[in-house]
Every structure is written in structure tokens, then in C-alpha cells.
Amino acid sequence: MTRAGTPSLTIPERDSSVLDDIQSVKIRSRFPIFKHKIYLNSCSQGALSDAVESGLTDYIRSWHEHGSPWEVWVEHYERTRALFAEFIGADEDEVAIVTSASAGINAVASALDFRERNRVVLGEFEFPTMGHVWLAQRSRGADITFVAPMDNALPAHSYEPVIDRHTAIVPLTRVCFKNGFRSDVSAIVKLAHSRGAWVMLDDYQDCGTRPINVKDLGIDFYVTGTLKYLLGPPGLAFLYVRRDLIDSLQPTVSGWFAQSNPFAFDVNHLDLSPTARRFESGSPPIPNVYAAAPGIELLRSTGMTQIAAHISNLTGMFLSSITAMQIETKTPLDSVGPLVVLQAASAKDADAMVVRLAEENIVASSRGDGVRISLHFYNTANDIAEVLQVLERNTDLLFTRSGVPERSGS
Ligand SMILES: Cc1ncc(COP(=O)(O)O)c(C=O)c1O
């Protein structure tokens, strides 16, 4: 057994190209939770800003004042579609607004015809819902192949032997929710496309932390939701479908908001919208739409490039201190964030570490034997210093570089 090394709590100097201190303080002041907590759980739920709160209040006010202002609400929903489309470099008619990432994935899955290409290839780093949605398609002829990781990595070449000419689609998480591993999206897209398969990128664990351009990524489908780094509420997600695929895909889960004109109120005909709205179903979640748009606007007005640099800088600081403390991470040491996952000795110990952090007013989370620390634009070097101090006092719950935790009193 080895004792975890003496921690280095000296924080390396910040990179001046990122958000400066004045900007950081200004951003933070918009998130009241920081008055009493250090919030490091954006991988689960983004912190609530004054902007998002007033979005919700605006919705309540409109309901109070007008009763049923559906024209205004639908206008707001279309504006949010346009806002998100611009955010990811898509056109608004390539974006569907759905109530969860699962709903978006299901709409696409329901539209696939598995007769010619029946294989779905996905890594074991996907969020479980991705497995569930595609496994449910087995009754329609889909054959699901999982790609196993090697330790905490799933390199592109692992997909090489399994993506073949029978592969219809490769669902791919950009960042893994349980270890922070970042997929090599461009290599996997290249491989899949060379074999005629589509790629569906699940960006839920990264969207909101850096600039995104779905066209540059060359992906066919893109799905994400608002509740994490986009700073919004649960109950709202987006699905991008590459323009030239829309017409050929007919979802078999549908509803009136998926029709060309929902307000035609025509019960006798299925007349799917020519746009990505065909992947939607019923009445849009208007309160969530009102709450989500200000979160995206807040990020955009700060600058996505600066946000990415800030997160990368903080991640680098955290990982270098963790390395000096000889604590094992599940996340690669060259990670640019936003998620850093520490290797606990067991799932029980990971939970215990989250409790110890909570006792010091630090909000983090665990998944299995990993302690998740997630960084966003509102976090600072001081947050990291505070976490390191708690980790230092509780190294017995973590794996050290020798692979064995030091257990106090045993
Ligand atoms: C990568 C990823 N995909 C999908 C989901 C789930 O999305 P939803 O609940 O909107 O279906 C999550 C939620 O944590 C996630 O982390």
C-alpha cells in the first residue's frame, strides 16, 4: 500500500487568452448557487442563472396575462429552434425540438428500415439510453453490436472490425458520461462513411462547452439536451438531421406537431413536415423552451471559444494537481474537459467522497467507482483549490497511482 503523494495545491498560472477574472466574477454572479456552494456538477445539471430563471418567469407572466397565447408561444419555440440551429452551424429546418435526447434518438430509430442494413454499432461508453433505444429496435430487425473499451479508452480503431457494409448507423457519444473520455469523432465518421454507415453524435456531455459546427463534423445526426452545459431545464432536447436525409426518413412515432401544418387539424392524413420537424410529435414543451433560450444566449454572449479555453485551462490545472497527488483518474491526463473523473476504490467509496465534498458545500457526483468533477465557464481556479483540499483529506477513498488506496485506521 502506498500513501497518496503530498498534494500540490499550487495552482499553475492561468492562460491569459481565456476569460479574465472580471469576466469570471461577472459570470458567476449570474448564478446564485455560488453564494453558498461550489458547483461542479454540470455533467448532471447546469447551475441555474438569473437569465434562465427570468425566462421561466416570462413564460408564467405570458400565461397569466393572456391565458392561451399559443401564437406567441409557437413563435418563441420557432425562435429557439433558430437560435439552436445557429449555435450548431445548422439551418433551422434541420432541427427538431424534442422533450429528451431519447425521444430524438427514438424518432430516428423508428424511421430506419433495417432490411438492407441491419447493424447498429455502438461503444460501451454510450449513455445507457442509447443502448436501450437501439436494443428496442431488435424486434424491427436491428442487430446491435457493442464495441468494448480497452481500460478507459475506446479508440477509433476498435470500431474498425465491426463497422461493415451491413451497418446502418453508428451512435457515438462525444464525451463519455462515466469517465470523460473524448471520442475521436472525425476518425469514426470517416470510417463509418467509408462503409456507407451514418453517424449519430450524442453531444449531451459536451454541448455548451465549445464552438460546434455539425457540418464541419460531417455527421448525419446530432442530439443533445438543454439541462447540462447548455444551462437549461430538463424536458428539452434537440435533434439535427442532415438536410438530404430528412425526406427519405419517415418516423413511425409521430403526432400533430410533426405534420406539415399542425393547425390543419386533419385527422385523416399523415402529411409529415418536409423539415426536421417530422421527428417531433405532440405539443411542444413551452415552459422549457422559455427557460432554455436564455441559457444558450448567455453562453453565446460570453463567447464559445473563450469558454472552451477557460474549461481547458481549469481542466489542465486540476489534472496536474491530481497527478502530483498521485490520484488515479479515469479521464486521460491530456483531457481538455469538461469532465474529470477520479478513480475511487469502489462505488461505495465514490459515493462517500461525494458526501465528503457535499459536507464542504461542494456539489459533485459519482457514477460507479468514479467521482465526477465537471467544469464549466462559471468555475474558477479557486473552486479547484477547494476541491483539492477535500480530496487531500480523503485520499483513503481514492486509488493512488500504485493502484491501491490507503485506508486510514486499517
Ligand atoms: C451523453 C448522454 N446522452 C443522453 C442522456 C440522456 O438524455 P435524455 O434523458 O434527454 O434522454 C444523458 C443524460 O445524462 C447523457 O449524459
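On a predicted model such as this, the values are computed, not experimentally measured, just so you know. (Residues numbered from 1 in each chain as written. Predicted model: local features only at pLDDT ≥ 70, side-chain atom pairs only at ≥ 80, totals over all residues. Heavy atoms only, no water.)

(A) Highlighting the packing of helix H4 (residues 101-111) against helix H5 (residues 128-135). It is at 10 Å that the axes of H4 and H5 come closest, and there the two elements cross at 30°. By the angle between their directions, the pair H4 and H5 is classed as roughly parallel. The crossing of H4 and H5 is right-handed. Within the contact between the two elements, H4 uses Ser 102, Ile 105, Asn 106 and Ala 109 and H5 uses Thr 129, Met 130, Val 133 and Trp 134. Grouping the amino acids of the contact of H4 with H5 by side-chain chemistry returns 5 nonpolar, 3 polar and no charged. (Axes fitted to C-alpha atoms, helices over the stretch in contact; angles between N-to-C directions. Helix = DSSP H or I, 4+ residues; strand = E, 2+ residues; numbered from the N terminus. Parallel < 35°, antiparallel > 145°, perpendicular 65-115°, else oblique. Left-handed = near helix turned anticlockwise from the far one by under 90°. Contact = heavy atoms within 4.5 Å. Nonpolar A, V, L, I, M, F, W, Y, C, P; charged D, E, K, R; others polar.)

(B) A look at helix H9 (residues 286-302). In a regular helix each residue adds 1.5 Å, so 17 residues correspond to 24 Å; H9 covers 25 Å between its end C-alpha atoms and thus fits that length. Burial analysis of H9 places 13 of its 17 residues in the buried class, the great majority of the element. With its phi angle positive at about 110°, Gly 303 sits one or two positions after the end of H9. (Expected span 1.5 Å × (residues − 1). Buried < 20%, exposed > 50% of the residue type's maximum accessible area, 1.4 Å probe, protein only.)

(C) Quick look at the sheet that holds strand S11 (residues 365-367). With antiparallel pairing, the 3 strands of this open sheet are ordered in space as S9-S12-S11. Each having just a single partner strand, strand S9 (339-343) and S11 make up the two edges of the open sheet. Pairwise comparison of adjacent strand axes, ignoring direction, gives a mean angle of 35° for this sheet. (Pairing = 2+ DSSP bridges.)

(D) Main features of the packing of helix H3 (residues 70-88) against H9. Packing of H3 against H9 brings their axes to within 9 Å, and their N-to-C directions diverge by 35°. Read as a crossing pair, H3 and H9 show a hand that is left-handed. Across the interface between the two elements, Trp 70, Val 72, Trp 73, His 76, Tyr 77, Thr 80, Leu 83, Phe 84, Glu 86 and Phe 87 from H3 touch Ile 286, Val 289, Tyr 290, Ala 293, Ile 296, Glu 297, Leu 299 and Arg 300 from H9. In the contact of H3 with H9, the residues fall into 13 nonpolar, 2 polar and 3 charged.

(E) Seen up close, the packing of aromatic side chains. Across all of its chains, the model carries 19 aromatic pairs by this definition. Both rings, one in Phe 127 and one in Phe 177, keep their centres 5.0 Å apart while their planes meet at 70°; by these two values the pair is edge-to-face. Of this pair, Phe 127 sits in the loop between strand S3 (119-123) and H5 while Phe 177 is found in the loop between strand S5 (167-173) and helix H6 (185-194), placing the two residues 50 residues apart along the sequence. The ring of Tyr 77 is capped by Arg 81, whose NZ or CZ atom sits 4.9 Å from the centre of that ring. Above the plane of the ring of Tyr 204 lies Lys 228, whose end atom (NZ or CZ) is 5.1 Å from the centre. (Phe/Tyr/Trp six-rings, centres within 6.5 Å; stacked < 30°, edge-to-face > 60°. Lys NZ or Arg CZ within 6 Å of the ring centre and 35° of its normal.)

(F) Inspection of the state of the cysteines at higher detail. Tallying each qualifying case throughout the model produces 0 disulfides. Here Cys 207 stays unpaired: no disulfide links it, and the sulfur of Cys 43, its closest cysteine neighbor, is 15 Å away. (Disulfide = S-S within 2.5 Å.)

(G) Spotlight on the site of the ligand. Neighbouring the ligand are Ser 100, Ala 101, Ser 102, Phe 127, Thr 173, Asp 202, Tyr 204, Gln 205 and Lys 228. At a separation of 2.8 Å, an oxygen atom of the ligand approaches a polar backbone atom of Ala 101. Interatomic distance of 2.6 Å between a side-chain N/O atom of Asp 202 and a nitrogen atom of the ligand. Here the ligand has 400 Å² of accessible area as a free molecule, and 83% of this is covered by the chains. A per-class count over the shell around the ligand returns 3 nonpolar, 4 polar and 2 charged. (Near = heavy atom within 4 Å. Polar contact = N/O pair within 3.5 Å; in protein donor to acceptor, adjacent residues only side chain to side chain. Areas by Shrake-Rupley, 256 points an atom, 1.4 Å probe, with all protein chains shown as cover.)

(H) Structural view of the confidence of the model for the chain. Averaged over every residue, the pLDDT of the chain is 93; residues scoring 70 or more account for 93%. pLDDT under 50 marks residues 1-16. Its contacts with residues more than four places away, or in other chains, come to 41 contacts. Here residues 405-410 is a poorly scored stretch, pLDDT under 50, and it has 14 contacts once near neighbours within four places are set aside; other chains count. (pLDDT = per-residue confidence, 0-100.)

(I) Representation of the pattern of salt bridges in the model. Here the structure, examined in full by the defined rule, presents 23 salt bridges. Of the charged contacts, one joins Asp 220 and Arg 242 as a salt bridge, the two residues approaching to 2.8 Å between their closest N and O atoms. Remark: Arg 242 occurs in the loop between strand S8 (237-241) and helix H8 (243-246) and Asp 220 occurs in the loop between helix H7 (214-217) and strand S7 (221-225); sequence separation between them is 22 residues. Its relative accessible area of 1% is what places Asp 220 among the buried residues. On the basis of relative accessibility, which here comes to 24%, the residue Arg 242 falls in the partly exposed class. The shortest N-O distance in the salt bridge between Glu 360 and Arg 393 comes to 3.5 Å. Taken together, the residues Glu 360 in the loop between helix H11 (347-359) and strand S10 (362-363) and Arg 393 in helix H12 (residues 381-393) connect sequence positions 33 residues apart. Classification of Glu 360 by relative accessible area gives partly exposed; the value is 41%. A single network of salt bridges, built from pairs that share partners, joins Arg 174, Arg 182, Asp 203, Asp 206 and Arg 210. (Salt bridge = Lys/Arg side-chain N within 4 Å of Asp/Glu carboxyl O.)

(J) Region of the structure containing the sheet that holds strand S2 (residues 95-98). Taken together, 7 strands build an open sheet; the order of strands is S2-S8-S7-S6-S5-S3-S4 and the sheet is mixed. Each edge of the open sheet is held by one strand with a lone partner, namely S2 and strand S4 (143-147). The mean inter-strand angle of the sheet, taken between neighbouring strand axes irrespective of direction, is 20°. Sheet strands touched by H3: S2, S7 and S8. Its angle to S2, the strand with the most contacts, is close to 125°.

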